[in-house]
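These are the residues of each chain, in order.
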Amino acid sequence: MNIGTLTFETFLEKSAEFHGENTPGVVIGGYMVALAQSLLPERGEYAALVETPKGLADAVQLLTPCTVGNGGLKVVNLGKYALSLYDRETGEGVRVRIDTDRLEAWEEIRGWLFQTTEASRRDRDALLLEICRAGTSVLGSETVRVEERFLKKSPIASVSICAVCKEAYPGADGGICRGCRRDTPYASVTSPREDTASGPSLTAVAVEDAVGRKALHDMTRIEPGVSKGPEFTSGQEFSAGDICRLQKMGRNTIFVEDGDDPDWVHENDAVKGFAAGLAGEGITFDDNPEEGKITFTADRDGLFVLDSERLETFNLYPDVMCATRHNHTVVEKGRPVGGSRAIPLHISRERYEGAMGALEEGPVFRILPMRKARVGILVTGTEVFKGLIKDRFIPIVRGKVEKLGCTVVKTAVTPDDTAMITKSVNELMDAGADLVVTTAGLSVDPDDVTRAGLVDAGLTDAVYGAPLLPGTMTLLGRIGSVQVMGVPACALFFKTTSFDLLLPRLLAGLSIRKIDLAAMGEGGFCLNCRSCTYPKCPFGK
Ligand code: ZN
């Protein structure tokens with residue numbers, strides 16, 4: 001089979017010329033490039049990304065103008081025989097890979113790919129011949145869009161100094177270099193460099209000479225078991241009467257304000273900047289820091305929503321911190337949700353501005369209001385329909401949704417019959433339901449036809465199955481703008497299930513994709529305590 005416009009023999013000749021010998025990787029790479037080229041629209045300037053350094057890069061450089069040197073070829077070692085060609089401006093492109101489902105008839109290729117043929121016993125010529133005969137038939141493809149960082153860089157791509165390591169790195173990577181985030185390849189780094197930044201020169205005076213001077217920071221009297229506010233607050237002027245109190249607190253000398261040093265930011269000023277940058281809608285805070293700290297409070301009832309990744313990035317900056325409650329916690333107005341401060345009394349202006357840069361993209365957390373949904377409840381089950389079993393689902397679901405301010409507009413009980421389920425769902429929606437909660441009928445039992453009934457009613461964007469115990473057989477989706485949630489039967493037996501974790505997110509209007517559910521596995525195991533204290537427990541955290 002030809003490789004693009006080249007015959008197989010011409011390709012082998014060129015390839016041998018290029019780097020000495022013909023490896024299976026470079027030849028199969030040739031077919032990959034040819035297939036990707038045939039699938040790409042003929043426009044724009046494209047770049048290549050190869051997923052293994054073995055062979056594929058050579059094929060790309062042989063058949064396309066893309067090279068590592070001109071920035072058109074990127075190697076991201078995922079250890080896979082796959083490559084992508086994509087538009088350098090938009091990132092849209094085609095990924096081609098070896099399709100393991102299509103290797104059945106190709107013994108040599110299988111032996112090479114899975115390393116089941118010993119290298120010494122491998123017949124190079126037979127393998128190359130098989131690759132030639134198989135051509136693109138053993139390849140699969142998909143359309144992809146590559147990440148922003150692989151697109152054509154503007155000629156004046158900025159270079160920044162990392163706030164943590166002080167080394168130069170591409171500014172497009174954010175305020176901290178990739179090496180100082182989770183991408184570091186080093187288990188430990190011991191540096192002879194000393195961090196000498198300590199603070200502005202401070203003036204220490206004897207307590208007796210403090211009258212008329214201003215306190216540099218809040219001062220708290222420590223009495224074990226007794227918690228009280230600061231004895232002196234930052235900026236407060238000491239009077240003659242304060243001297244005795246200071247001495248009682250065990251102070252013989254104190255630091256006092258000595259004019260402003262433009263290179264340093266006082267902790268109170270720093271945290272005011274951080275607070276304004278961190279807090280989003282539905283969050284309030286007192287602009288007067290207490291002991292250098294600002295506490296964030298919910299300004300309305302709702303769902304606390306945190307950008308965990310950006311909080312982590314902020315906390316990587318030196319000399320700053322912010323701690324919050326868990327993402328997706330339901331909070332009442334007036335409850336605290338987090339706090340922030342600068343760690344030393346003075347933070348260098350450079351570090352302050354670096355950390356503020358991390359907040360430029362917008363707030364890191366917010367409180368989303370939860371809508372008061374109009375709920376329709378559908379119970380499926382022939383036994384319940386016939387009255388052989390008394391329904392217990394409706395009161396349980398009703399109790400949970402009403403607790404969050406929703407109203408139940410209609411309930412229905414149907415037998416396990418697809419058409420009847422579809423009809424009932426439509427009736428619930430006609431009654432004004434904008435959230436349909438269905439119960440049971442979601443397991444593998446062939447009589448369980450709830451899902452089929454929902455699909456006939458127009459269910460789309462369905463995700464089924466969640467890494468939550470109890471509550472694995474959960475279904476989420478929508479019919480038009482009506483949200484649909486299938487609650488598994490375990491809701492009957494367990495006080496707290498996936499329903500309690502997911503309902504607030506639905507009411508806050510968050511989209512819940514497969515990846516969001518997958519992330520819930522950690523903490524998604526309920527301890528099933530004799531006396532349930534949810535949400536004051538680790539479930540869902
Ligand atoms: Zn760094």
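It should be noted that the structure appears before, not after, this text.
This text gives an overview of the structure that appears in the document. (Residues numbered from 1 in each chain as written. Predicted model: local features only at pLDDT ≥ 70, side-chain atom pairs only at ≥ 80, totals over all residues. Heavy atoms only, no water.)

A few words on the packing of helix α1 (residues 8–19) against helix α2 (residues 24–39). Taken N-terminus to C-terminus, the directions of α1 and α2 make an angle of 125 degrees; their axes are 11 Å apart at the nearest point. One way to sum up the angle between α1 and α2 is to call them oblique. For the pair α1 and α2, the crossing hand works out as right-handed. Across the interface between the two elements, Phe 8, Phe 11, Leu 12, Ser 15 and His 19 from α1 touch Val 26, Val 27, Gly 30 and Tyr 31 from α2. Of the residues assigned to the contact of α1 with α2, the class counts are 6 nonpolar, 3 polar and no charged. (Axes fitted to C-alpha atoms, helices over the stretch in contact; angles between N-to-C directions. Helix = DSSP H or I, 4+ residues; strand = E, 2+ residues; numbered from the N terminus. Parallel < 35°, antiparallel > 145°, perpendicular 65-115°, else oblique. Left-handed = near helix turned anticlockwise from the far one by under 90°. Contact = heavy atoms within 4.5 Å. Nonpolar A, V, L, I, M, F, W, Y, C, P; charged D, E, K, R; others polar.)

We now examine the sheet that holds strand β14 (residues 320–324). The antiparallel open sheet is built from 4 strands, whose spatial order is β11-β12-β16-β14. Both edges of this open sheet fall to β11 (283–285) and β14, since each of them pairs with a single strand only. For this sheet the average axis-to-axis angle between neighbouring strands, irrespective of direction, equals 20 degrees. With 5 bridges connecting them, strand β12 (residues 293–298) and strand β16 (residues 336–342) associate as antiparallel partners. Note that in β16 the partner of Thr 295 across the bridge is Gly 339. (Pairing = 2+ DSSP bridges.)

We now examine the pairing of strand β1 (residues 46–50). For β1, the buried fraction is high: 4 of the 5 residues fall into the buried class. The pairing of β1 with strand β3 (residues 82–87) spans 5 bridges and is antiparallel. Opposite Ala 48, over in β3, you have Leu 85 as the bridge partner. With 3 bridges joining them, β1 and strand β2 (residues 73–75) adopt parallel strand pairing. Residue pairing for β2: Ala 48 is matched across the bridge by Leu 73. Traced from β1 through helix α3 (residues 56–63) to β2, the parallel crossover comes out right-handed. (Buried < 20%, exposed > 50% of the residue type's maximum accessible area, 1.4 Å probe, protein only. Right-handed = clockwise from strand over helix to strand, strands pointing away.)

Let us now look at unusual backbone geometry. In this structure, the amide linkage connecting Leu 469 to the following residue, Pro 470, adopts the cis form with an omega of 0 degrees. The omega angle of the peptide bond from Tyr 534 to Pro 535 is 10 degrees, so this bond is cis rather than trans. Of note, Pro 535 is situated in the segment after α15 (514–518). Of note, the phi angle at Gln 115 is positive, near 60 degrees, even though the residue is not glycine. Its location among the elements puts Gln 115 in the loop between α4 (107–113) and α5 (124–134). For Gln 115, a relative accessible area of 56% gives the class exposed. Positive phi, normally seen in glycine, also occurs at Glu 291, with a value near 50 degrees. Along the chain, Glu 291 falls in the loop between β11 and β12.

Protein ligation of the zinc ion involves Cys 162 (SG), Cys 165 (SG), Cys 177 (SG) and Cys 180 (SG), the donor distances falling in the range 2.3 Å. Seen from the zinc ion, its 4 donor atoms lie at angles of 102 to 114 degrees, and the figure they make is tetrahedral. According to the relative accessible area criterion, Cys 177 is buried, its value standing at 10%. (Donors = N, O, S within 2.8 Å, 3.2 Å for Na, K, Ca; no water. Tetrahedral: all angles 85-135°; square planar, octahedral: opposite > 155°, others 65-115°.)

Before going further, it helps to examine the sheet that holds strand β23 (residues 475–479). An order of β20-β19-β21-β24-β23-β22 is seen for the 6 strands of this open sheet, with the pairing classed as mixed. Because the sheet does not close on itself, it has two edges, and the strands there are β20 (407–414) and β22 (460–464). Across the sheet, the mean angle from the axis of one strand to that of its neighbour is 20 degrees, orientation sign disregarded. Pairing between strand β21 (residues 435–439) and strand β24 (residues 482–487): 5 bridges, direction parallel. Bridging across to β24, Val 436 finds its partner in Val 484. Relative to β20, helix α12 (residues 418–430) is tilted by about 165 degrees, and along the sheet it contacts β19 (374–380), β20, β21, β23 and β24.

Looking at the element boundaries, Lys 80 is found in the loop between β2 and β3. Considering only alpha carbons, one finds Lys 80 and Val 50, 30 residues apart in sequence, at a separation of 8.6 Å. Among residues more than four places away in sequence, those in contact with Lys 80 are Glu 51, Thr 52, Leu 56 and Arg 95.

We now examine the pairing of β24. Most of β24 sits inside the fold, with 6 of its 6 residues counted as buried. Burial along β24 is two-sided: Val 482, Val 484 and Gly 486 facing one way and Gln 483, Met 485 and Val 487 facing the other are all buried. Taken together, the 5 bridges between β23 and β24 define a ladder with antiparallel strand orientation. Bridge pairing in β24 places Leu 475 opposite Gly 486. The loop that links β23 with its antiparallel partner β24 comprises 2 residues; one of these, Gly 480, has a positive phi angle of about 60 degrees.

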